[in-house]
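Chain residues, written in single-letter form:
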Amino acid sequence: MQLQDFVINDVKPLNITDKISDVQLLFNQLTYSHIPVQNNGIYLGCISEADAYCFEKAKSISDCNYAIEGFYVRPTTNWLDVLEAFAQNDTNIMPVLDEKNKYLGYYELNDIIHLFNETPFFSEPGGILIVEKGIHDYSFSEVCQIVESNDAKLLGAFISKMGGDLTQITLKIGNASFNEVIQTFRRYSYNIISGHEEDSYIESLKERSQYLDKYLNM
């Protein structure tokens, strides 16, 4: 399904001349964090619920136009960039403008997240593995080679954390002996941060350590 199929236009943009009291009333009726604002049919941006309740009811939006946030996406914007726009602007509604900046409607955050949940990263069975290596020492080609060398399928990968000199990569792996993949990453000097399947390598080390302790205490 095309992302454009999710454009909603049941909530019309407010006019710049509308009163703040009307804005507050609309927020009382909706669950959106923002509402689009226009002037003579031209999209200006969005006013947030948090800001709307900070202004005097008798004022108009034009008196508070400095609080209008000008975020939007295009119909051609891919869903991952749309999701990023939601996150960057801390909103659950995203206006959609055409190439002539005409307001077409908006996306709801829940609809975009639903699309994300339908990707193989979430919908296909497999294990989640988080690995860590120096920021200048890893490469995605190496990560893919490690996974595929174990006859596994890489269903998705992304950088989930960067801090200091280290980078963490989250992987979704299917059709694999999970522990063999983990041990191969160790041989390539990756730290294993988390593996959502039993890590038999660690369990084996624990068992050997317990046996050694028991032997030394005999």
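If you're wondering where the values come from, they're calculated on a predicted model, not measured in any experiment.

(A) How the structure looks around the environment of Thr119. Mapped onto the secondary structure, Thr119 falls in the loop between α4 (109-117) and α5 (120-123). C-alpha separation for the pair Thr119 and Gly156, spaced 37 residues apart in sequence, amounts to 9.2 Å.

(B) Fine view of the packing of aromatic side chains. Scanning the entire structure with this criterion turns up 6 aromatic pairs. Where Tyr43 meets Tyr72, the ring centres are 6.4 Å apart and the plane angle is 80°; that geometry is what we call edge-to-face. Separated by 29 residues along the polypeptide, Tyr43 in strand β3 (residues 42-48) and Tyr72 in the loop between α2 (49-52) and α3 (79-89) bring together distant segments of the chain. On the accessibility criterion, Tyr43 (10% relative accessible area) is buried.

(C) Representation of the sheet that holds strand β8 (residues 166-174) in the model. Overall, antiparallel pairing links the 4 strands, which are arranged β7-β8-β6-β9 in an open sheet. Two strands close off the open sheet at either side, each with one partner strand: β7 (153-163) and β9 (191-195). The mean angle between the axes of side-by-side strands here comes to 25°, regardless of whether they run parallel or antiparallel. Pairing geometry for strand β6 (residues 127-134) and β8, over 8 bridges, is antiparallel. From the neighbouring strand, Lys133 faces β8, where its bridge partner is Thr167.

(D) Seen up close, the side chain of Thr91. With respect to the helices and strands, the residue Thr91 is situated in the loop between α3 and β4 (93-97). Within polar-contact distance, the side chain of Thr91 engages the backbone oxygen of Ile93 at 2.9 Å.

(E) Representation of α3. Of the positions making up α3, those classed as buried are Val82, Ala85 and Phe86. Angular distribution of buried residues about the axis of α3 spans 100°; they occupy a single face of the element. Across from the buried face of α3, at angles greater than 90 degrees, the exposed residues are Ala87 and Gln88. Buried residues in α3 make contact with β4, β5 (103-108) and α4. The N-cap of α3, judged by a side-chain oxygen 3.0 Å from the amide nitrogen of Leu80 a few residues on, is Asn78.

(F) Representation of the pairing of strand β2 (residues 34-39) in the model. Of all the 6 residues making up β2, 5 are buried; the element is thus mostly covered by neighbouring parts of the structure. Tracing the backbone out of strand β1 (residues 14-15), into helix α1 (residues 20-29) and back to the parallel element β2 gives a crossover that is right-handed. In textbook terms, the turn of a hairpin is the stretch between consecutive antiparallel strands, and for β2 and β3 this stretch comprises 2 residues, one of which, Asn40, has a positive phi near 55°.

(G) A look at the side chain of Asp98. Along the polypeptide, Asp98 turns up in the loop between β4 and β5. Of the side chains with opposite charge, Arg74 lies nearest to the buried Asp98, which makes no salt bridge, at 5.2 Å. Within the structure, the side chain of Asp98 is placed 2.8 Å from the backbone nitrogen of Lys100, a separation counted as a polar contact. A polar contact is formed between the side chain of Asp98 and the backbone nitrogen of Lys102, at a distance of 2.7 Å.

(H) A look at the packing of helix α6 (residues 140-148) against helix α7 (residues 178-187). Two elements in contact, α6 and α7, have axes whose closest approach is 9 Å; the angle formed by their N-to-C orientations is 140°. Accordingly, the angle class assigned to the pair α6 and α7 is oblique. Relative to α7, the crossing made by α6 is right-handed. Each of Val143, Ile146 and Val147 in α6 lies in contact with α7, whose residues at this interface are Val181, Thr184 and Phe185.

Reading the values: the criteria
- Residues numbered from 1 in each chain as written.
- Predicted model: local features only at pLDDT ≥ 70, side-chain atom pairs only at ≥ 80, totals over all residues.
- Heavy atoms only, no water.
- Helix = DSSP H or I, 4+ residues; strand = E, 2+ residues; numbered from the N terminus.
- Phe/Tyr/Trp six-rings, centres within 6.5 Å; stacked < 30°, edge-to-face > 60°.
- Buried < 20%, exposed > 50% of the residue type's maximum accessible area, 1.4 Å probe, protein only.
- Pairing = 2+ DSSP bridges.
- Axes fitted to C-alpha atoms, helices over the stretch in contact; angles between N-to-C directions.
- Polar contact = N/O pair within 3.5 Å; in protein donor to acceptor, adjacent residues only side chain to side chain.
- Arc of directions from axis to C-beta.
- Contact = heavy atoms within 4.5 Å.
- Right-handed = clockwise from strand over helix to strand, strands pointing away.
- Lys, Arg positive; Asp, Glu negative; His and termini not counted.
- Salt bridge = Lys/Arg side-chain N within 4 Å of Asp/Glu carboxyl O.
- Parallel < 35°, antiparallel > 145°, perpendicular 65-115°, else oblique.
- Left-handed = near helix turned anticlockwise from the far one by under 90°.

Interpretation in functional terms is not warranted from these geometric data alone.
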